[in-house]
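Residue-level listing of the chains:
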Amino acid sequence: MPRPTPKPSKRTPPTNAQPEVVSPLWLVKAIALTIIAALVCGYLTLCLLFYQGQWQFVLHPTRTSAAPTSIAGIPYELIRFGPDESATPRLTGWWIPSSPNARYAHATIFFLPGADGSLADSIATLAALHNVGLNVFAFDYRGYGQSATTRPNQQNMAHDADSAWQYLTNSRAIPAQQIIPYGTGVGASLAAQLAANHTTIPALILDAPHADLLPIAQRDPRARLLPVRLLFHEQFPLAAPLSTLKTPKLLLSRSNSPDQSFRTAADPKLTVELPSPELPKPELPSPDRLYAQSITRFLDQYVAHDLSPAPTQQLVPPPAPTH
């Protein structure tokens, strides 16, 4: 009887076999890629944070808890307007009426403040405009003063300026031909945009504008490593709109180097350099007096004929019939 064929036995690996070893070069590459990926993610996160919070580089709002009792001794009306979807007013403004027999009693200054502080920081300017003989309407953007709490930015501030314009022309029924936007700081950009959108506006006053803000953001040490030019959108442009705007303009400079946008602004325009209050020039009128004289001269030269109300037509009774 034949013997069964024995099954092949499994070979046991030798006990002295070497384990697989990971290449040190591969470990170095993996660690390097991980570090690079972390750096890229961190850099993109910084870019996102800058994009979302860039308003903090150029806008510095201040909240106020109470309105002043008067504007440098001048009575005024506190206005709440611009309702949201719930009919809650979002904006707070001040209406400072002129005297009925004032020189420009039929004209209204629409005051657009700058990027820093709140409306309370402009009381001296508002009082000076009223003393010229003008009605004055001023307001705080959302995020400023007593207006609604929100994050300010160029888009929201432009929307607030439109809401204030609608309040003046609709709620107060003031003709556009009698409203003069007055912009200071970044408010100058918003005022110029209003004048470009509403060609019936008779005049525009820009006081020490602080617009075209990209260079300011680029100089900030917190943004030196970021592509600011690509990410920055809080521009508040001024030079470009002024270069084509045909509305008469009063350009008030408060330094020895006027804003570049003043040099390229289209005619008609009147440019005035106001001396610093700290360094008055003895041969010139005081800054306050020169300021009032400049506004009066500008209004008389360019727009005085547009600021009077339309004459009322009187009905003449028909002649009595003859017999």
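Residues numbered from 1 in each chain as written. Predicted model: local features only at pLDDT ≥ 70, side-chain atom pairs only at ≥ 80, totals over all residues. Heavy atoms only, no water.

1. Concerning the overall build of the chain
To be explicit about the condition: Strands are runs of DSSP state E lasting at least 2 residues, helices are runs of H or I lasting at least 4, and numbering of each runs from the N terminus. Exposure is judged per residue with a 1.4 Å probe applied to protein chains only, and the accessible area is read against the type maximum: over 50% gives exposed, under 20% gives buried, and values in between give partly exposed. Whether two residues are in contact is decided by their heavy atoms: any pair within 4.5 Å suffices. Each accessible area is a Shrake-Rupley estimate made with a 1.4 Å probe; only the visible protein chains count as cover when residues are assessed.
From N to C terminus, the chain includes 10 helices and 10 strands. Burial status across the chain gives 42% buried among its 323 residues. Partitioning the contacts of the chain with sequence separation of at least 6, the portion at a separation of at least 24 is 65%. Of the roughly 19,000 Å² of accessible surface on the chain, a fraction of 58% belongs to carbon and sulfur atoms.

2. Comments concerning the UniProt feature "transmembrane region" (unreviewed entry) in the chain
What counts here: UniProt positions are given in the numbering used here, feature names are shortened, and annotations may be inferred rather than shown by experiment.
According to UniProt, the positions carrying the feature "transmembrane region" (unreviewed entry) are residues 26-51. Between the C-alpha atoms that bound residues 26-51 there is a distance of 37 Å. The span itself is 100% helix and 0% strand.

3. As for helix α5 (residues 187-197)
In an α-helix there are 3.6 residues to a turn, and that puts residues three or four apart on one side. Burial within α5 is extensive, with 8 of its 11 residues counted as buried. What α5 keeps buried is the set Gly187, Ala188, Ser189, Leu190, Ala191, Ala192, Leu194 and Ala195. Elements in contact with the buried residues of α5: β4 (104-112), α4 (154-171), β7 (179-185), β8 (204-209) and α8 (239-244).

4. Comments concerning the packing of aromatic side chains
Put simply, the rule is: Paired rings are identified among Phe, Tyr and Trp, the last through its six-membered ring, by centres lying within 6.5 Å, and are further divided according to the angle between planes into stacked (under 30 degrees), edge-to-face (over 60) and tilted (the rest). Here, a charge over a ring is recorded when the distance from Lys NZ or Arg CZ to the ring centre is within 6 Å and its angle to the ring normal is within 35 degrees.
Inspection of every chain in the model, using the stated rule, returns 11 aromatic pairs. Joined through ring pairs, the aromatic side chains of Phe81, Phe110, Phe137, Phe139, Tyr141, Tyr144 and Tyr167 make up one cluster. Against the face of Trp95 rests Arg172, its NZ or CZ located 4.2 Å from the ring centre. The ring of Phe57 is capped by Arg222, whose NZ or CZ atom sits 4.4 Å from the centre of that ring.

5. A closer look at the environment of Ile216
Its place among the elements puts Ile216 in helix α6 (residues 214-219). Put simply, Ile216 and Val58 are 158 residues apart on the chain and 7.4 Å apart in space, counted from C-alpha to C-alpha. Apart from the residues within four sequence positions on either side, Ile216 is in contact with Val58 and His210.

6. Let's talk about the sheet that holds β4
Selection rule: Strand pairing follows a simple DSSP-based rule, namely that at least 2 bridges must link the two strands. Fitted lines through C-alpha atoms give the axes, limited to the stretch in contact for helices. The angle between two N-to-C directions lies from 0 to 180 degrees.
Spatially, the 8 strands line up as an open sheet ordered β2-β3-β6-β4-β7-β8-β9-β10, and their pairing is mixed. Every other strand in the sheet has two partners, leaving β2 (77-83) and β10 (269-273) as the edge strands with one partner each. Ignoring which end each strand starts from, the neighbouring axes of this sheet average 20° apart. As judged from the 5 bridges shared by strand β3 (residues 89-96) and strand β6 (residues 134-140), these two strands associate in the antiparallel manner. Bridged to Trp94 within β6 is Ala138. Lying over the sheet, helix α3 (residues 123-132) contacts β3, β4, β6 and β7, oriented at roughly 160° with respect to β6. Contacts from α4 reach β2, β3, β4, β6 and β7, with the element oriented near 140° to β6.

7. Comments concerning the pairing of β8
The test is simple: A crossover gets the label right-handed when its path from the first strand over the helix to the second runs clockwise, viewed with the strands pointing away from the viewer.
Taken across its 6 residues, β8 has 5 buried, putting it largely inside the fold. Here β7 runs beside β8; their pairing, made up of 4 bridges, is parallel. Looking at β8, one finds that Gly183 is bridged to Leu206. Viewed along the sheet, the connection from β7 through α5 into β8 turns out right-handed.

8. A few points about the nonpolar core
For the record, the criterion: The criterion is simple. A nonpolar core is a set of buried Ala, Val, Leu, Ile, Met, Phe, Trp, Tyr and Cys residues joined through side-chain atoms within 4.5 Å.
Grouped together as the largest cluster of nonpolar side chains are 52 residues, with contacts concentrated most on Phe110, Phe137 and Leu206. Dropping the residues within four chain positions of it, Phe110 is found in contact with Phe137, Phe139, Ala161, Ala164, Trp165, Leu168, Ile179, Ile180, Pro181, Tyr182 and Leu194. Grouped together as the second largest cluster of nonpolar side chains are 32 residues, Tyr104, Ala107, Phe111 and Leu119 included.

9. Regarding the environment of Asp207
To be explicit about the condition: Counted as a polar contact is a pair of N or O atoms within 3.5 Å, where, for protein atoms, one must be capable of donating a hydrogen and the other of accepting one, and residues adjacent in sequence contribute only when both atoms are in side chains.
As for its position among the elements, Asp207 is in strand β8. Overall, Asp207 belongs to the buried group, its relative accessible area being 3%. Between the alpha carbons of Asp207 and Ser253 there is a distance of 6.5 Å; along the sequence they are 46 residues apart. Excluding its chain neighbours within four sequence positions, the residues that come into contact with Asp207 are Tyr182, Gly183, Thr184, Gly185, Leu252, Arg254 and Tyr291. Within the structure, Asp207 has its side chain in polar contact with the side chain of Arg254 (distance 2.7 Å).

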